[in-house]
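Coordinates in review
Residues per chain are reported as follows:
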Protein chains: 2
Amino acid sequence: MTTLKDISKHLGLSVTQVSRALNGYSDVNEKTKKRVQDAAAELGYSANLSARSLVTGKSGLVTLIRAGDLTGPADASNLETISGLSKEFYQRGKQFVLHMLPPGVDPLPAYRQAAASGSFDGFVLIDTRQNDERVALLSKYDVPFVVHGRAEVDPSHAFFDIDNMAVIKQHVAHLAKLGHKRFAMLNGPTGFAYSEYRMMGYRAALEEAGLAFNAAAVIHGPMTEPHGMIATARLFEDHAKRPTALICGNVHLAKGAYTALDAMNLSIPEDVSVSAHDDVLHNLRASAFYPSLTVTRSAFSDSWVKLAETLCDMIDGKQDVPHQVVENSEFIARASTAAPKL
Amino acid sequence: MTTLKDISKHLGLSVTQVSRALNGYSDVNEKTKKRVQDAAAELGYSANLSARSLVTGKSGLVTLIRAGDLTGPADASNLETISGLSKEFYQRGKQFVLHMLPPGVDPLPAYRQAAASGSFDGFVLIDTRQNDERVALLSKYDVPFVVHGRAEVDPSHAFFDIDNMAVIKQHVAHLAKLGHKRFAMLNGPTGFAYSEYRMMGYRAALEEAGLAFNAAAVIHGPMTEPHGMIATARLFEDHAKRPTALICGNVHLAKGAYTALDAMNLSIPEDVSVSAHDDVLHNLRASAFYPSLTVTRSAFSDSWVKLAETLCDMIDGKQDVPHQVVENSEFIARASTAAPKL
DNA sequence: AGCATTTTCCGAAACGTTTCGGATTTATAC
DNA sequence: GTATAAATCCGAAACGTTTCGGAAAATGCT
């Protein structure tokens, strides 16, 4: 393993200058800078991270800790999460440590230990619930962390989120303008901040449109295709009270809804208008639906970029950058929504 | 962050003794050992991993480096790979660092840099090709690594693999015994060691059964359901030369084969016997096929346990444990194979 | 008591990097 | 040519841990 000393001996320079040359300091001659870089490349030098960590106090490690029950239908997005984060951190020079716990294990002790050891520069929190205890824990240890979504309604922590209230408002407004009066929504599971935000947006938008809110027409549950199918079937059970507009939390739910509606001989958009929020996952494209699906769109993958960027900024002590980012979603009207039949 | 020095001052001991006490050395009095441990707990001490790494030369980090084009149909197994490895290493006290490269990027430079930096105690290699350059690279740097599958026909590196020759031999033997004479096989992509091993097993088993090998009846390609469908359709195009037995590289291929055969009005097992190798992935269960699928079975998840175990043994310098493990697969005859029609 | 052993402890060096303060060289101005 | 400023370099200390070699204290043996 080549060290700075090796390079310094090889070039007749001091270790100091070699270090400064490689780290791009301004007080080293451009010529020697190049010489050093060439020598480093030639000797295959790569900095020893432990040594660097020791003196800088930063380990260069960030981590994601999760319970390992990732074998469900959300597989694909989980893989995108993990690989997306890894990729982003890698490009920013951080090592991404993945801690997958055995299924069903409470992750909190693992978080506590990781935080106490001080071995990690930062944490990424995903799948956060409202008032998530992990937020309190990491705050106590005063270690940087960034949250996907928001853990509270008015959080003090760094986060990246989409404007979930606005998302649903766009759907309702679009459908109300088309003339719909009987709405239904397939929301995510209760307890997650995004579900609550969407619920708030739903109620507010209905009120704004002068429509009554019907609690029975909102079903909370996992955002999967099977659940979308089952829940849709339940929503349309009672012929008398059938909604004419169905808003789905994501495209998987919408996919299930399509199947269920088809099975019930209801056509889209003639009998029912369907719209959804589209996270732009690779394995299910909203534009490939038939009829093509009206959506609000915010690429899931944007999150990783922002989350990584924010966390790195926090670690590097940049104060002037915003640590709370709310992204807006684009509304795309397609063929799955139309005016209701009279 | 409390350090050894803090504890030593607090107790009036030397840093040396505190270190040795915490690491359970025998040359420290039991009484002081307890005193030190209590003080450590009281002060919330947790060893600085960077400092330890620097002197021991072991970082406690193991890594998996991959090109990030994981958005294809193999998603689920990739997630199982990653989460499985992470879990196993975590339980063995190693930090699992995931390096996901942007899609299409040559991973070799990343491997070189990671190996040269000496920051990692070990590497896990998956999706290895025959004579994989990564094996040569890591061998050169003399850093421990373990391979899923084998990168050469008679490798010198540590690996965990299933006996792919025997796998196919079991299929052929079973089907030949039932009376089949016209075989076909959907194999994995060329260039991968397991595909080659399976090919060897296929040829050897046919010869053993006194049957001729027909090159046109073997199709190499991605082990996905769509490819299984397309390849099967092609194999059964020519009515005159239709095989009566089809061996599939995995259950996804088999799934595609089922669909294609159904579309061609060929029934299983009356017209065609189908069997496959089953990696026991969570998202597609062989026993849930209709008719239920005859398989050789080796749980993919066993690999992570063995790979992690082996790599940790190598890192800790255990010489007496076997570093090359070939697992046998269980053969399970089910309803998808039967004697051919006369 | 004197000596040998064992037990228990400690000082100092080392790991590879960054960084502080200052030293040396080179360029600029008069 | 000299004084001053700028550019370029370097020695030494520090980060927190482990470990080598040996020292001190306790114990055992005659």
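Residues numbered from 1 in each chain as written. Chains lettered and ligands numbered in written order. Predicted model: local features only at pLDDT ≥ 70, side-chain atom pairs only at ≥ 80, totals over all residues. Heavy atoms only, no water.

1. Regarding the relation of the copies chain B and chain A
Applying a rotation about an axis and a shift along it to one chain copy brings it onto the other copy. After a rotation of 180 degrees and a shift along the axis of 0.7 Å, chain B superposes on chain A with an RMSD of 1.5 Å. Each copy turns onto its partner about a two-fold axis. Judged by C-alpha distance, B:Val97 is the residue of chain B that lies nearest the rotation axis, at 1.9 Å. Of all interface residues in chain B, 98% are interface residues in chain A too; the two copies therefore contact each other through one and the same surface. (Least-squares fit on C-alpha atoms with pLDDT ≥ 70 in both. Contact = heavy atoms within 4.5 Å.)

2. Quick look at the nonpolar core
With 46 residues, the main nonpolar core has A:Ile82, A:Phe89, A:Phe96, B:Ile82, B:Phe89 and B:Phe96 as its most contacted residues. The next biggest cluster of nonpolar side chains, apart from the first, holds 40 residues, and it includes A:Tyr111, A:Val135, B:Leu138 and B:Ala151. (Core = buried A, V, L, I, M, F, W, Y, C linked by side-chain atoms within 4.5 Å. Buried < 20%, exposed > 50% of the residue type's maximum accessible area, 1.4 Å probe, protein only.)

3. Brief notes about the pattern of salt bridges
Residues and elements named next belong to chain A. Overall, the coordinates contain 22 salt bridges over all chains when judged by the stated rule. The shortest N-O distance in the salt bridge between arginine 66 and aspartate 127 comes to 2.9 Å. With arginine 66 in strand S1 (residues 61–67) and aspartate 127 in the loop between strand S3 (122–125) and helix H7 (133–141), the pair connects residues that are 61 residues apart, well separated along the chain. Aspartate 127 gets classed as partly exposed once you look at its relative accessible area, which sits at 41%. Each of Glu88, Arg92, Lys306 and Glu309 takes part in one network of salt bridges that share partners. (Salt bridge = Lys/Arg side-chain N within 4 Å of Asp/Glu carboxyl O. Helix = DSSP H or I, 4+ residues; strand = E, 2+ residues; numbered from the N terminus.)

4. A closer look at the protein's contact with DNA strand C
With respect to spatial proximity, 25 residues lie near DNA strand C, and among them A:Leu4, A:Ser19, A:Tyr25, A:Tyr45 and B:Asn29 are the closest. Within the side chain of A:Asn23, one N or O atom sits 3.2 Å away from a phosphate oxygen of DNA strand C. Only helix H2 (15–22) and helix H4 (49–56) of chain A together with helix H2 (15–22) and helix H4 (49–56) of chain B provide two or more residues apiece to the surface near DNA strand C. The class makeup of the residues in the surface near DNA strand C is 11 nonpolar, 11 polar and three charged. (Near = heavy atom within 4 Å. Polar contact = N/O pair within 3.5 Å; in protein donor to acceptor, adjacent residues only side chain to side chain. Nonpolar A, V, L, I, M, F, W, Y, C, P; charged D, E, K, R; others polar.)

5. Overview of the UniProt feature "domain: HTH lacI-type" (unreviewed entry) in chain A
Here, UniProt's "domain: HTH lacI-type" (unreviewed entry) annotation points to residues 2–56 of chain A. What you have in residues 2–56 of chain A is 69% helix and 0% strand, and the ends, taken at the C-alpha atoms, are 20 Å apart. (UniProt positions renumbered as here; feature names shortened; annotations may be inferred.)

6. Let's talk about the domain arrangement of chain A
Size of an interface: often given as the accessible area lost when the parts come together. By the assigned domains, chain A splits into domain 1 (4–47), domain 2 (61–161 + 301–327) and domain 3 (164–300). Using C-alpha coordinates to define each centre, domain 1 of chain A is positioned 60 Å away from domain 3 of chain A. (Domains from an automatic or database assignment.)

7. A short note on the sheet that holds strand S7 (residues 218–220) of chain A
Residue and element names in this part refer to chain A. Spatially, six strands are ordered S7-S6-S8-S9-S10-S12 in an open sheet, and the strand pairing comes out mixed. Each edge of the open sheet carries a strand with a single partner, namely S7 and strand S12 (330–332). Each adjacent strand pair in this sheet contributes to an overall mean axis angle of 15 degrees, direction not counted. Taken together, the four bridges between strand S6 (residues 183–187) and strand S8 (residues 245–248) define a ladder with parallel strand orientation. In the sheet register, alanine 184 faces S8, and the bridge partner there is leucine 246. Here helix H9 (residues 193–208) sits on the sheet and contacts S6, S7, S8 and strand S9 (273–278); the angle it forms with S6, its principal contact strand, is near 170 degrees. (Pairing = 2+ DSSP bridges. Axes fitted to C-alpha atoms, helices over the stretch in contact; angles between N-to-C directions.)

8. Section: the sheet that holds strand S8 (residues 245–248) of chain B
Residue and element names in this part refer to chain B. Taken together, six strands build an open sheet; the order of strands is S7-S6-S8-S9-S10-S12 and the sheet is mixed. Since the sheet does not close on itself, it has two edges, and those belong to strand S7 (218–220) and strand S12 (330–332), each with one partner. Sheet twist, expressed as the average angle between the axes of neighbouring strands with direction ignored, equals 15 degrees. The sheet contact formed by strand S10 (residues 294–297) and S12 spans three bridges and is antiparallel.

9. A few points about the pairing of strand S1 (residues 61–67) of chain B
Residue and element names in this part refer to chain B. Burial within S1 is extensive, with seven of its seven residues counted as buried. Relative to strand S2 (residues 95–101), S1 is paired through seven bridges, and the arrangement is parallel. The residue bridging threonine 63 from the neighbouring strand is valine 97, located in S2. Pairing geometry for S1 and strand S3 (residues 122–125), over three bridges, is parallel. Note on S3: the bridge partner recorded for threonine 63 is phenylalanine 123.

10. Some points on the environment of B:Ser8
Residues and elements named next belong to chain B. Counting through the fold element by element, serine 8 comes out in helix H1 (residues 4–11). Look at serine 8 and you get buried, because its relative accessible area is 6%. A sequence separation of 174 residues divides serine 8 from arginine 182, and the C-alpha atoms of the two residues are 78 Å apart. Among residues more than four places away in sequence, those in contact with serine 8 are Leu13, Ser14, Val15 and Val18. Polar contacts involving the side chain of serine 8 include one to the main-chain carbonyl oxygen of lysine 5, which spans 2.8 Å.

11. Comments concerning the packing of aromatic side chains
Any pair of aromatic rings gets described here by the distance separating the centres and the angle formed by the planes. Residue and element names in this part refer to chain A. Per the counting criterion, the structure on display carries 14 aromatic pairs over all chains. Between tyrosine 202 and phenylalanine 213, the aromatic rings sit 6.0 Å apart at their centres with planes inclined by 80 degrees, giving edge-to-face as the arrangement. Within this pair, whereas tyrosine 202 is found in helix H9, its partner phenylalanine 213 is found in the loop between H9 and S7, the two being separated by 11 residues in sequence. When its relative accessible area of 1% is taken as the criterion, tyrosine 202 is described as buried. Members of the aromatic cluster, joined through ring pairs, are Tyr111, Phe120 and Phe123. (Phe/Tyr/Trp six-rings, centres within 6.5 Å; stacked < 30°, edge-to-face > 60°.)

12. Considering the packing of H1(B) against H2(B)
All names here are of chain B. The interhelical angle for the contact between H1 and H2, taken along N-to-C directions, is 110 degrees, at an axis separation of 8 Å. Put simply, H1 runs roughly perpendicular to H2. Taking contact as the criterion, the partners of Leu4, Lys5, Ile7 and Ser8 in H1 are, on H2, Val15, Val18, Ser19 and Leu22. Its residues assigned to classes, the contact of H1 with H2 shows five nonpolar, two polar and one charged. (Parallel < 35°, antiparallel > 145°, perpendicular 65-115°, else oblique.)

13. Some thoughts on the interface of chain B and chain A
With 40 residues of chain B at the contact, the number on the chain A side is 40 residues. Taking both sides of the interface into account, the surface hidden between chain B and chain A amounts to around 3400 Å²; carbon and sulfur atoms contribute 64%. In terms of surface lost to chain A, no three residues of chain B exceed B:Leu79, B:Tyr90 and B:Met100, which account for 18% of the buried area on that side. Linking chain B with chain A are zero salt bridges. Secondary structure elements with two or more residues in the side of chain B that touches chain A: H4, helix H5 (75–91), S2 and helix H6 (108–117) of chain B. (Buried area = accessible area lost by both parts, 1.4 Å probe.)

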